[in-house]
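Residue-level structure breakdown
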Amino acid sequence: MPAPTEFLNYIDSKADVFIKRLADAVAIPSISGDATHRKDVFAMADWLNGQLKQIGVDTQLVDLGRHTMDGEDLPLPPAILGRIGDDKSKKTVLIYGHFDVQPANKSDGWDTDPFTLTINEKTGQLIGRGSSDDKGPILGWLNVLQYHHENKLPLPVNIRFCFEGMEESGSEGLDDLVRRESVKGGYFDGVDCVCISDNYWLNTRTPALTYGLRGLSYYKVTISGPARDLHSGVFGRTVHEPMTDLISLLGTLVSPQGDILVKGVDDMVAAADEEEKAIYAGLNYSINDIEEAAGAAIALSADKVAVLMGRMRSPSLSIHGIEGAFSGAGAKTVIPAKVSGKFSIRLVPPQTPDSVDPLVIAHLEKAFAGLGSKNKLTVENLHGGKPWVTDHRHWNFEAAKKATKAVYGQDPDLTREGGSIPVTLTFAESLGVNVLLLPMGRGDDGAHSTNEKLDKSNFLQGSKLLGTYLYELAAIQK
């Protein structure tokens, strides 16, 4: 059942209003991983809750308790639960999204203020932190609801919402909420399927549906030694230096070709057979696509299938940064007393954080012992999540395929995504229903990077897609 033409026209006619609302959302620096911005995550929850209420959604803010981050005890941002429609004759879909964002500073290399939505009139790009991940997609759902609310029209399905403010920091507190509300009589009781719009097309041309995600295990390895920072002219070559030890350890984790050097991690995953390789060979994707998205000709291989499998169905290890080291302007001849390296492993079935952690810890302890250093090693797992794969032939996916064809005039790519959305598996296991990932943004949106953007056309067409999906969902046979 196609969406009404009036709905499609409405989205186009309200473009300026919708972009203004996105600008308001981007202006709230809801960085969940920075304690100094925790108040902003709360402010974002209040703002979004108010927006939902204005368009007829019955909502509640759910307290998720407290947690410790970098040694500081903090309140967790509330989850927003919402519901609209209780028609027993209609399907019920649960929609998830997150309103927190990654850190961003103009000094990181942004061309504009990351928390001021900048419209590039020439390219149509809407540039700002959270524009694509995940404030734009959340507001896409609000755009759909606003049409029905203003025109006093019933939705084709019942909707339950679950929006959180800690996705970028491991979704702390959310799993317990989902499990609690998935039981009979709970908030999510009666949900027939789940839809998440928090990922991206594989390229810039072809819409996609995603049926798999990698998991994540995020580590912090700390080396400490001197009681305070030291002068390199006085103590250089006289003491064991934490930075030297840390760099040595980080260099043992992954090769320049991307091979994971932690013994046993790659071995957990079976090799792809020819049938599976054929799936990747058929995707509308090229080496040029990844190099264009990366902004440089730096792909690990010229083999498209190998690169796609590296992104989607193989684990990867990435080193993210060093905490405690001098990084300012000028030349400071300091020997840091304590430094921490941060890295993560993206996981694929059958890997889990629990199965990988012992291998990582054993590797680091052995490598550190081999240095003969008198410094101290500490290894922490900051957060993690399991990988997820589902059936893309399910009626939930079939409805999304029809909606994509209706809005974009082409069939979607079926992809497994390299990123992680920790709660996806929790929804699937707790509710026992199919979970669909229906992306709004393109593969070059730069989520988590500088100059994150969402193309205006994707924001508007993506809003049409989300609405059309609801109509196709209503019509399809289970």
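Residues numbered from 1 in each chain as written. Predicted model: local features only at pLDDT ≥ 70, side-chain atom pairs only at ≥ 80, totals over all residues. Heavy atoms only, no water.

1. Side note on the overall build of the protein chain
Scanning the protein chain from terminus to terminus reveals 14 helices and 20 strands. With the C-alpha coordinates of the protein chain rotated into their principal frame, the extents come out at 75 × 50 × 50 Å. Once local pairs closer than 6 in sequence are excluded, the contacts in the protein chain between residues at least 24 apart make up 80%. As displayed, the protein chain has an accessible area near 20300 Å², and 50% of this comes from carbon and sulfur atoms. Here the protein chain carries 48 positive and 62 negative side-chain charges, and the mean point of each set is 1 Å from the other. (Helix = DSSP H or I, 4+ residues; strand = E, 2+ residues; numbered from the N terminus. Contact = heavy atoms within 4.5 Å. Areas by Shrake-Rupley, 256 points an atom, 1.4 Å probe, with all protein chains shown as cover. Lys, Arg positive; Asp, Glu negative; His and termini not counted. Charge placed at Lys NZ, Arg CZ, Asp CG, Glu CD.)

2. With respect to the nonpolar core
Val93, Ile159 and Tyr469 are the most contacted members of the largest nonpolar core, which totals 63 residues. For this core, the element with the most residues is helix 14 (residues 456–475), which contributes eight residues. Tyrosine 469 has contacts with Val93, Trp141, Cys193, Cys195, Asn396, Ala399, Ala400, Ala403, Leu436 and Leu438, leaving out every residue within four places of it along the chain. In terms of nonpolar packing, the next biggest core, distinct from the first, is built from 28 residues, Leu174, Leu177, Val423 and Ala428 among them. (Core = buried A, V, L, I, M, F, W, Y, C linked by side-chain atoms within 4.5 Å. Buried < 20%, exposed > 50% of the residue type's maximum accessible area, 1.4 Å probe, protein only.)

3. Notes on the pattern of salt bridges
Throughout the structure, instances matching the rule amount to 22 salt bridges. For arginine 66, the salt bridge identified is with aspartate 73, shortest N-O distance 2.7 Å. As a salt-bridge pair, arginine 442 and aspartate 455 come within 3.6 Å of each other at their nearest N and O atoms. Of this pair, arginine 442 sits in the loop between strand 19 (434–437) and strand 20 (453–455) while aspartate 455 sits in strand 20; the two residues are 13 residues apart in sequence, bridging distant segments of the chain. Looking at aspartate 455, the relative accessible area reads 5%, which means it is buried. Among the charged side chains, a network of salt bridges with common partners joins Arg442, Asp444, Asp445, Lys453 and Asp455. (Salt bridge = Lys/Arg side-chain N within 4 Å of Asp/Glu carboxyl O.)

4. Some points on the sheet that holds strand 11 (residues 215–224)
Spatially, four strands are ordered 13-15-11-16 in an open sheet, and the strand pairing comes out antiparallel. With one partner strand each, in any of the chains shown, strand 13 (316–323) and strand 16 (376–385) form the two edges of the open sheet. Across the sheet, the mean angle from the axis of one strand to that of its neighbour is 20 degrees, orientation sign disregarded. Those strands touched by helix 7 (residues 242–250) are strand 11, strand 13, strand 15 (338–347) and strand 16, and its axis lies near 150 degrees from that of strand 11. Contacting strand 11, strand 15 and strand 16, helix 11 (residues 353–369) runs over the sheet at an angle of about 160 degrees to strand 16. (Pairing = 2+ DSSP bridges. Axes fitted to C-alpha atoms, helices over the stretch in contact; angles between N-to-C directions.)

5. Overview of the pairing of strand 5 (residues 92–98)
Taking burial as the measure, the seven residues of strand 5 include seven buried ones, the bulk of the element. Residues Thr92, Leu94, Tyr96 and His98 of strand 5 are buried on one face, and the alternating residues Val93, Ile95 and Gly97, pointing to the opposite face, are buried as well. Alignment of strand 5 against strand 8 (residues 158–164), held across seven bridges, turns out to be parallel. Residue threonine 92 lies in a different strand from strand 8, and its bridge partner there is asparagine 158. Bridge count for strand 5 against strand 9 (residues 193–196) is four bridges, and the pairing is parallel. Paired with tyrosine 96 across the strands is isoleucine 196, a residue of strand 9.

6. Topic: the side chain of threonine 222
By secondary structure assignment, the location of threonine 222 is in strand 11. Polar side-chain contacts of threonine 222 include one of 2.7 Å to the side chain of serine 340. Excluding residues within four positions of it along the chain, threonine 222 makes contact with Lys338, Val339, Ser340, Lys376, Leu377, Thr378 and Glu380. (Polar contact = N/O pair within 3.5 Å; in protein donor to acceptor, adjacent residues only side chain to side chain.)

7. Things to note about the layout of surface pockets
Take a probe with the size of a water molecule and roll it over the atoms, and the empty space left behind shows itself. In this model, the second largest pocket occupies a volume close to 350 Å³. In terms of lining, the second largest pocket is formed by 20 residues, of which the most central are Asp175, Arg179, Gly384, Gly385 and Lys386. Listed by contribution, the elements that provide at least two residues to the lining of the second largest pocket are helix 5 (174–181), helix 11, strand 16 and helix 13 (423–431). The element that contributes the greatest number of residues to the lining of the second largest pocket is helix 5, accounting for four residues. Split into classes, the residues belonging to the lining of the second largest pocket amount to four nonpolar, eight polar and eight charged. (1 Å grid on protein atoms, 1.4 Å probe; cavity = no way out; pocket = protein on both sides within 12 Å on 5 of 7 lines; lining within 4 Å. Points joined across faces, edges and corners; volume = space filled by probe spheres on them. Nonpolar A, V, L, I, M, F, W, Y, C, P; charged D, E, K, R; others polar.)

8. A short note on the packing of aromatic side chains
One pass over the full model with this rule turns up nine aromatic pairs. An aromatic cluster is built from Phe7, Tyr10, Phe18 and Tyr147, whose rings are joined through pairwise contacts. Between the NZ or CZ atom of arginine 83 and the centre of the ring of tyrosine 187, over which it lies, the distance is 5.2 Å. The ring of tryptophan 395 has lysine 91 sitting right over it, with the charged end atom 5.9 Å from the ring centre. (Phe/Tyr/Trp six-rings, centres within 6.5 Å; stacked < 30°, edge-to-face > 60°. Lys NZ or Arg CZ within 6 Å of the ring centre and 35° of its normal.)

9. A short note on the side chain of glutamate 452
With respect to the helices and strands, glutamate 452 occurs in the loop between strand 19 and strand 20. A distance of 2.8 Å separates polar atoms of two side chains, one belonging to glutamate 452 and the other to arginine 129. Among all residues touching glutamate 452, those that are not within four sequence positions of it are Trp110, Leu126, Ile127, Gly128, Arg129, Gly130, Ser131, Ser132, Asp133, Asp445, Gly446 and Ala447.

10. What to know about empty space enclosed by the protein
According to the stated counting rule, one finds one cavity of 30 Å³ or more in the structure shown. Of the volumes computed, that of the largest cavity is approximately 40 Å³. The residue makeup of the lining of the largest cavity, split by class, is five nonpolar, four polar and two charged.

11. As for the sheet that holds strand 20
Spatially, 6-7-20 is the arrangement adopted by the three strands of the open sheet, whose pairing is antiparallel. Of all strands in the sheet, those bounded by a partner on one side alone are strand 6 (118–120) and strand 20. Put simply, the sheet's adjacent strands are angled 25 degrees from each other on average, direction ignored. Strand direction decides the pairing type here: strand 7 (residues 125–127) and strand 20, joined by three bridges, are antiparallel. Considered in strand 20, the bridge of glutamine 125 is made with aspartate 455. Across the sheet, helix 14 lies against strand 7 and strand 20, angled at about 65 degrees from strand 20, the strand it touches most.

So, to be careful, I would describe these as geometric facts and stop short of saying anything about function.
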